Amino acid sequence: MPLVRLWRTTTLRLALLYLGLFLTSVAVILAVLYWSTQTFLSHQTRTTVEAEINGLEEQYRQRGLPGLVDVVASRSSVRHTSTIYLLTGPDYLPLAGNLSAWPTNAPAPGGWIDFDINDNRDNDRHPHHANATVFTLAGNFHLLVGRDLRELEQFQQRMIEAMAVSLVLTIGLGGLGGVLISRRMMQRIEVINRTTQRIRTGLLQERVPMSGSGDELDQLAGNLNTMLDQIEALMAGMRHVTESIAHDLRTPLTRLRSRLEITLLAEHDLTSYRQTLQDTIGEADRLLATFAALLSIAEAESGRLHNRFEPVALAGLAQDVVELYEPLAEEKGLSITLTTSGEPQVMGIGQLLSQALTNLLDNAIKYTPAGGHIDVEVVGPAIAAGENGHHGPFTGHNGGDHAGGMARLIVADSGPGIPEAWRDRVLQRFVRLEWSRSSPGNGLGLSLVDAVARLHGARLLLEDNNPGLRIALVFNENGPSSPAGIQAPAAPFAGAAAVEDMDPAG
Amino acid sequence: MKILVIEDDNQAAAYMVKGLKESGHVVDHAPDGKDGLFLAGSEHYDVLIVDRMLPGRDGLSLVELLRAAGNHTPVLFLSALGSVDDRVRGLRAGGDDYLTKPYAFAELLARVEVLGRRQTSSGPVTRLDVGDLEMDLLSRSVRRAGKPIDLLPREFRLLEYLMRHAGNVVTRTMLLESVWDYHFDPQTNVIDVHVARLRQKIDRDFPTPLIHTVRGAGYCLRA
């Protein structure tokens, strides 16, 4: 890997960041340790020297100068002592002590003096520092008491060496730790990267493996997988629509083309040409209607509409649709009754819900024989849940958000009904039952209702009305779950799937 | 009426121009947004028919520009995009009506004529008269030849729409959109039954019918 690319990797940057932080903290800790030890030791030196001076002062006061000479001589004869003594006459020539000559440095204002010792005591040829305090006694005698700092400096030297070794170790350990930690993280990200790359090459069924730890990366993997599921479902839906269009628009298009072709083949008069053109326009209109229905279904299934959801009052919506169809039903000798209980409100798209109800009523009118009856029922959530019927504020503007119960929209007719074995199939596109082939329609009505139901997180139930068909849209009490609409549409041969299982959350 | 068609599909435009001319209108055609904007800005038209997707400048921004420049010529959008969203966006940009492709020419013609004859009336209308049929919008009452006629609320709105566009062909889709506010076509022609009922009340007891069926298009109310 070229250096530039290596530098760009998050692994390296994270490792360096880790190392930097680690190194800084260790350096700060060591510095504090060094400083406090240093302070303690120099304080110790001074205390020792001061104690020594107190002892000598006592001797001097009791026994005078000779006593002091004695004590200094005896004390300085102790081997390996790090205390320095020197007693001189007025001429600074040594009388007693373990220092060979009076230091040349001038004392600092506090009476303390720093100097180098050059004598080869203990076979140490290196000059080393000493720190001492000086007094002038009566008769211009001079006394120096101090401490050889050699041991202290050796200790400092050791400490600095130890600190240097620690820092080197820190760099090694920190670097290693940084690389390990960031590699561990980046490896998991790398797995996600590799998976997405494979998906990009067209392997849409690939999924990011999950570790099951539930941490952020696992959540990311989970979210990616959910997104992929949705994309796959969308693509499946698209493929299904395309196939449906290809399959079911081709037939009428071929019919239309043949009609025109045959008309051209034979000699005709103007009226029959006009007739053919009229028929062709009629056929084209039916094609366009089918096309529009397919687009409505696709729109409901696309899931793009969730941001356009608004509260829809089901009772008013049903009343409008029933009113629209009442004259038609009457003309066919059917009666429609609308019963409403509660004030059900759902979050959704009014136009699509109206269209769905329109399709249901259209079907009911189409298939119910004269003299029959159609019931449209709108049931409010509170009553459906068997609660104490507190409507009003609780069934207010939150649509499906109120707790308990579900809003229902029911269309029941006294027609022939749908045999149980067929109930799943009728929801699929273009499926028409045998006896319905003679009546107009494109076989998309219930598919649209199904798509609209799923968009709104509602279940579509087909039941027996004894006699007749009872279709219920049961809205989810929690409102539509957000990606509801992008469920894969019922596969063409998924006859085994129960209609009740079309819960969008599932 | 003088109509400008801004449409990049030359064949579709040619059919449209031919149809509109045969219906007695004067038609200009611009093949892209740039020419369209120039023509619409420099000449007076009664209606603009604007395709939403155009080379040069898209239809939405073209209309937005015209409106910003104070041009209030009625605009009918044509679009292959027919979803709820697209429709709302078109109307918000300043369009007056929206027709999704593919459309029936009769539908286009009816809408264009309604748009072109839309009166910029001064003050609210309180009375509508067509022949001996009169509608009082304040007391919500209808009389024909002095005899009061009882209408249901929806029938009243249906008749009101027909009377407001008296002399124009009104399609079933237009009625569904304006009277019922439904932007989809039901599988069965429910509108026909409603119009038949209205006819019973308006025309049955009188010698001259006012509501006429226009074959392949819709209805027309005229004296």
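Residues numbered from 1 in each chain as written. Chains lettered and ligands numbered in written order. Predicted model: local features only at pLDDT ≥ 70, side-chain atom pairs only at ≥ 80, totals over all residues.

Grouped together as the largest cluster of nonpolar side chains are 111 residues, with contacts concentrated most on A:Val452 and B:Ile49. Beyond its immediate stretch of four places on either side in the chain, A:Val452 contacts A:Ala300, A:Leu352, A:Leu353, A:Gln355 and A:Ala356. A:Leu99, A:Ile117, A:Ala132 and A:Leu143 belong to the second largest nonpolar core, which has 15 residues in total. (Core = buried A, V, L, I, M, F, W, Y, C linked by C-beta atoms within 7 Å. Buried ≥ 20, exposed ≤ 12 C-beta atoms within 10 Å, placed from the backbone. Contact = placed C-beta atoms within 7 Å.)

What follows is about the packing of helix α6 (residues 153-164) of chain B against helix α7 (residues 172-180) of chain B. Residues and elements named next belong to chain B. Where α6 contacts α7, the two axes come as close as 10 Å, and the packing angle between them is 125°. Considering the angle they form, α6 stands oblique to α7. Relative to α7, the crossing made by α6 is right-handed. Contact with α6, carried on its side by Arg154, Arg157, Leu158 and Tyr161, involves Leu175, Ser178 and Val179 of α7 and no other residues of that element. (Axes fitted to C-alpha atoms, helices over the stretch in contact; angles between N-to-C directions. Helix = DSSP H or I, 4+ residues; strand = E, 2+ residues; numbered from the N terminus. Parallel < 35°, antiparallel > 145°, perpendicular 65-115°, else oblique. Left-handed = near helix turned anticlockwise from the far one by under 90°.)

Before going further, it helps to spend a moment on the confidence of the model for chain A. The predicted coordinates ought not to be read in detail in places where the model reports low pLDDT. All names here are of chain A. Scored by pLDDT, chain A has a mean of 78; 81% of the residues are at 70 or more. Residue range residues 434-438 is modelled with pLDDT below 50. Its contacts to residues more than four positions away, or to other chains, number three contacts. Counted against residues more than four places away or in other chains, residues 482-506, with its pLDDT under 50, gives 52 contacts. (pLDDT = per-residue confidence, 0-100.)

What follows deals with helix α9 (residues 445-455) of chain A. Burial runs high along α9(A): 11 of the 11 residues are buried. Positive backbone phi, at 65°, marks A:Gly457, one or two positions downstream of α9(A).

Moving on, we come to the pairing of strand β4 (residues 128-136) of chain A. Residue and element names in this part refer to chain A. Pairing geometry for strand β3 (residues 112-117) and β4, over six bridges, is antiparallel. Bridge assignment links Ile113 to a residue of β4, and that residue is Ala132. Alignment of β4 against strand β5 (residues 142-148), held across seven bridges, turns out to be antiparallel. Bridge pairing in β5 places Thr136 opposite His142. Connecting the antiparallel pair β4 and β5 is a turn made up of five residues, with Gly139 showing a positive phi of about 80°. (Pairing = 2+ DSSP bridges.)

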